[in-house]
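Listed below, chain by chain, are the residues.
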Amino acid sequence: MTHKTFIFALAIAALFVAGCSIEPPLHLRQSMEVIVKVLWKAEVYPDGVKPDGMTLYIFRDGEFYMKHTTAQVDSCVVQLEPGRYRLYMISQSPEEYWRMEFLDMTDFDKARVSVAETKSSWYSTRSENEVLINNPEVMVAGVSDFFEVTEDMIERQRLAMTKAGDNGNVSYYTILVPVNPRSVVSQYWVTIYSDNVDMLKSVRASTTGMARTFEITNDKTNEEEGTQLITEWSLTVDDEPNLIGHLDGRVTTFGFPNGELPSPDRDSTLNVSTLLVDNKTVQSYKFYIGDKIKLEEPSPQGYRYLYHITFGSIFEPAIHPDRVLPEGGGGFTAGVTDWDEEKKIGIEI
């Protein structure tokens, strides 16, 4: 090797060594790994099935810092700079919800989700302030406690990584942030006992005064209201010889405004409309709810609450369909078909 060749090779080696010793970018050297651990429970999500994604909204020193969507729903790692943090999570991401609107998500105190407005061919709102809303989709949310990332923690992490490089063992200094998710969606269940059940073709109803908006970080509904439709019903025959049975209608809901729970003080009425098997006779009923709303264990698990109202019993049916001549054989249908457009009914709650 000539003298010039030796000097050139030495220079290349020096550059290689220098290149290996270059420190990572500043923003990476001044941050550390934080593990967000979501503590799922069977009763949090319907049928115990976890969502296949979640979104974190992370706030640093009271200001929005970053949004992170991931398929790692049990735990995920985020890289954070020094600061005092708090975060909240929602299942999936806002873009995956078709019937919900997400508002002020980068404002920790104001973040909220609202049920989108909808339309109906048979229900007409009765005032300028009444809003007809969809039934909310299943969603969970959770909020962490405050936690801190300090420069001292980052330095200890750097030393741990240096030692790991020396002995070959990978060991990182991390922060673990637990989050307990909870469903924000409840179920509203109406049961109505009827005689002459063979005369029932279909049922429809609406319920006003239901919560439209849920405040995610405050874990409650606010004052906004909407009207929800109950259009899917099932019929169970309890006493076949006497043609007595009951109707069940269920919808998902945020519950009642202002975080309220059912109470005897709720002065409200329930209007129900039935279409009979002749496909032309429509009969309407009005019930006073009073203290009939009961808070029950959700079934299936995975909903926040279950609100259940029962009218009548197998011994005293609450509705009494007339005897009519069936059109085309009759038979009860679970969903609402097009009825006479002049029939407008509602449930006041």
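Look a little higher up for the structure.
Chains are numbered independently. Their residues run from 1 in the order of the written sequence. Side-chain atom pairs in this predicted model are given and counted only at pLDDT of 80 or more, local residue features only at pLDDT of at least 70, and totals for whole chains, interfaces and linings cover all residues. Note: side-chain values were computed over all heavy atoms of the structure, leaving out hydrogens and water.

## Details of the overall build of the chain
Numbering of helices and strands starts at the N terminus; helices are DSSP runs of H or I of at least 4 residues and strands are runs of E of at least 2. Each helix and strand in the chain was counted, giving 3 helices and 22 strands. For the chain, the residues scored as buried account for 46% of the 349 residues in total. For accessible areas, the Shrake-Rupley method is used with a probe of radius 1.4 Å. Any residue's cover is judged against the shown protein chains and nothing else. Surface exposure of the chain reaches about 18,400 Å², of which carbon and sulfur atoms provide 51%. For each residue, the accessible area found with a 1.4 Å probe, counting protein chains only, is set against the maximum for its type, and the residue is called buried under 20%, exposed over 50%, and partly exposed in between.

## Describing the sheet that holds strand S16 (residues 225–230)
Spatially, the 4 strands line up as an open sheet ordered S16-S13-S19-S20, and their pairing is antiparallel. The open sheet has two edge strands, S16 and strand S20 (282–288), and neither has a second partner. Geometrically, the sheet is characterised by an average inter-axis angle of 20 degrees between neighbouring strands, direction not taken into account. Two strands qualify as a pair provided DSSP detects at least 2 bridges between them. Two strands pair when backbone bridges link them, and strand S13 (residues 200–211) and strand S19 (residues 269–276) are joined in this way by 5 bridges, in the antiparallel orientation. For leucine 200, the partnering residue across the bridge sits in S19 and is leucine 276. Angles run from 0 to 180 degrees between N-to-C directions of axes, and those axes are lines fitted to C-alpha atoms, restricted for helices to the stretch in contact.

## Description of the pairing of S13
Burial analysis of S13 places 12 of its 12 residues in the buried class, the great majority of the element. Bridge count between S13 and S16: 5 bridges; the pairing is antiparallel. Looking across to S16, one finds that serine 206 is bridged to leucine 229.

## Description of the pattern of salt bridges
Salt bridges are identified by distance alone: a Lys or Arg side-chain nitrogen within 4 Å of an Asp or Glu carboxyl oxygen. Per the counting criterion, the structure on display carries 9 salt bridges. Arginine 182 is paired through a salt bridge with aspartate 219; the nearest N and O atoms lie 3.4 Å apart. Highlighted residues: arginine 182 in strand S11 (residues 182–183) and aspartate 219 in the loop between strand S14 (213–215) and strand S15 (220–221), separated in sequence by 37 residues. Residue aspartate 219 is classed as partly exposed on the basis of its relative accessible area, which comes to 36%. Shared partners join several salt bridges into a network, and the residues in it are Arg182, Asp219 and Arg304.

## A closer look at the side chain of arginine 304
Secondary-structure assignment places arginine 304 in the loop between strand S21 (294–296) and strand S22 (306–311). In protein, a polar contact means a hydrogen-donor-capable atom and an acceptor-capable atom, both N or O and within 3.5 Å, with residues adjacent in sequence counting only if both atoms are side-chain atoms; elsewhere, any N or O pair within 3.5 Å suffices. In terms of polar contacts, arginine 304 uses its side chain to reach the backbone carbonyl oxygen of serine 183, at 2.8 Å. Within the structure, arginine 304 has its side chain in polar contact with the side chain of aspartate 219 (distance 2.8 Å). In what follows, a contact means two residues having at least one pair of non-hydrogen atoms within 4.5 Å. Residues in contact with arginine 304, not counting those within four places in the same chain, are Arg182, Ser183, Val184, Val185, Ser186, Phe214, Asp219 and Pro298.

## Re the sheet that holds S22
Across the sheet, 5 strands lie side by side as S17-S18-S12-S22-S21; this open sheet has mixed pairing. The open sheet is flanked by strand S17 (233–239) and S21, the only strands paired with a single partner. For this sheet, the mean inter-axis angle between neighbouring strands, taken without regard to orientation, is 25 degrees. Bridge analysis of strand S12 (residues 186–194) against strand S18 (residues 244–253) gives 9 bridges, and the strand direction is antiparallel. Across the sheet, the residue bridging to isoleucine 192 is leucine 247, located in S18.

## A short note on the nonpolar core
Among the nonpolar cores identified, the biggest contains 27 residues, and Tyr188, Val190, Ile192, Trp233, Phe287 and Phe311 are the most heavily contacted of them. Sorting the residues of this core by element identifies S12, S13, S18, S19, S20 and S22 as the ones contributing at least two each. By nonpolar core we mean a set of buried residues, namely Ala, Val, Leu, Ile, Met, Phe, Trp, Tyr and Cys, connected to one another through side-chain atoms within 4.5 Å.

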